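Examining the three-dimensional arrangement
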Amino acid sequence: FIPGNLTSTVLDSINNNGLFIFLVSNLLTGFINMSINTLETSNKMAVIILIGYSLTWTLLALYLDKGRSTSSFRKEIEKMWYHTIDVYMYIVGTT
């Protein structure tokens with residue numbers, strides 16, 4: 001037994017809105033594939049597309065589930081934002 005709350009707000013939000021998130025993810029995939037020639041993009045652009053893609057449907061899941069707890073929603077958004085900036089700075093710094 002491990003004490004404490006071991007649930008993730010992001011995973012709970014995605015689980016609570018699973019079908020809608022699945023449909024939005026499929027639409028986003030189709031939109032990206034139709035608007036960008038993904039076979040000829042650079043590695044940096046591919047990572048930026050993946051981060052944007054993941055961030056979009058994750059934020060949508062959190063937004064749809066925000067009525068449950070506004071303070072945890074804000075904390076999750078801040079954590080994701082800072083993590084996204086860290087990943088971007090790492091990508092820019094390594095090329």
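Look up: the structure comes first, before these words.
Residues numbered from 1 in each chain as written. Predicted model: local features only at pLDDT ≥ 70, side-chain atom pairs only at ≥ 80, totals over all residues. Heavy atoms only, no water.

In terms of regular secondary structure, the protein chain is built from four helices and zero strands. Residue pairs at least 24 apart in sequence account for 76% of intrachain contacts in the protein chain once pairs closer than 6 positions are excluded. When the accessible area of the protein chain is evaluated, it comes to approximately 7,200 Å², of which 65% is carbon and sulfur surface. (Helix = DSSP H or I, 4+ residues; strand = E, 2+ residues; numbered from the N terminus. Contact = heavy atoms within 4.5 Å. Areas by Shrake-Rupley, 256 points an atom, 1.4 Å probe, with all protein chains shown as cover.)

In terms of nonpolar packing, the biggest core is built from seven residues, these being Val10, Ile14, Ile21, Trp57, Ala61, Leu62 and Met80. Mapped onto this core, the elements with two or more residues apiece are helix H1 (9-16) and helix H3 (43-64). It is H3 that contributes the most residues to this core, three residues altogether. (Core = buried A, V, L, I, M, F, W, Y, C linked by side-chain atoms within 4.5 Å. Buried < 20%, exposed > 50% of the residue type's maximum accessible area, 1.4 Å probe, protein only.)

A few words on the packing of helix H2 (residues 18-35) against H3. Between H2 and H3, the shortest axis-to-axis distance is 10 Å and the interhelical angle comes to 155°. Between H2 and H3, the crossing angle belongs to the class labelled roughly antiparallel. Between H2 and H3 the crossing geometry is right-handed. Only Ile49, Tyr53, Thr56, Trp57, Leu60, Ala61 and Leu64 of H3 make contact with H2, whose side of the interface consists of Phe20, Ile21, Val24, Ser25, Leu28, Thr29 and Ile32. Its residues assigned to classes, the contact of H2 with H3 shows eleven nonpolar, three polar and no charged. (Axes fitted to C-alpha atoms, helices over the stretch in contact; angles between N-to-C directions. Parallel < 35°, antiparallel > 145°, perpendicular 65-115°, else oblique. Left-handed = near helix turned anticlockwise from the far one by under 90°. Nonpolar A, V, L, I, M, F, W, Y, C, P; charged D, E, K, R; others polar.)

The relative placement of two packed helices comes down to the angle between their axes together with the axis-to-axis distance. Two elements in contact, H1 and H3, have axes whose closest approach is 8 Å; the angle formed by their N-to-C orientations is 80°. Our classification of the angle between H1 and H3 gives roughly perpendicular. Between H1, through Thr9, Val10, Ser13 and Ile14, and H3, the contact on the second element is made entirely by Trp57, Thr58, Ala61 and Leu62. Residues of the contact of H1 with H3, tallied by class, amount to five nonpolar, three polar and no charged.

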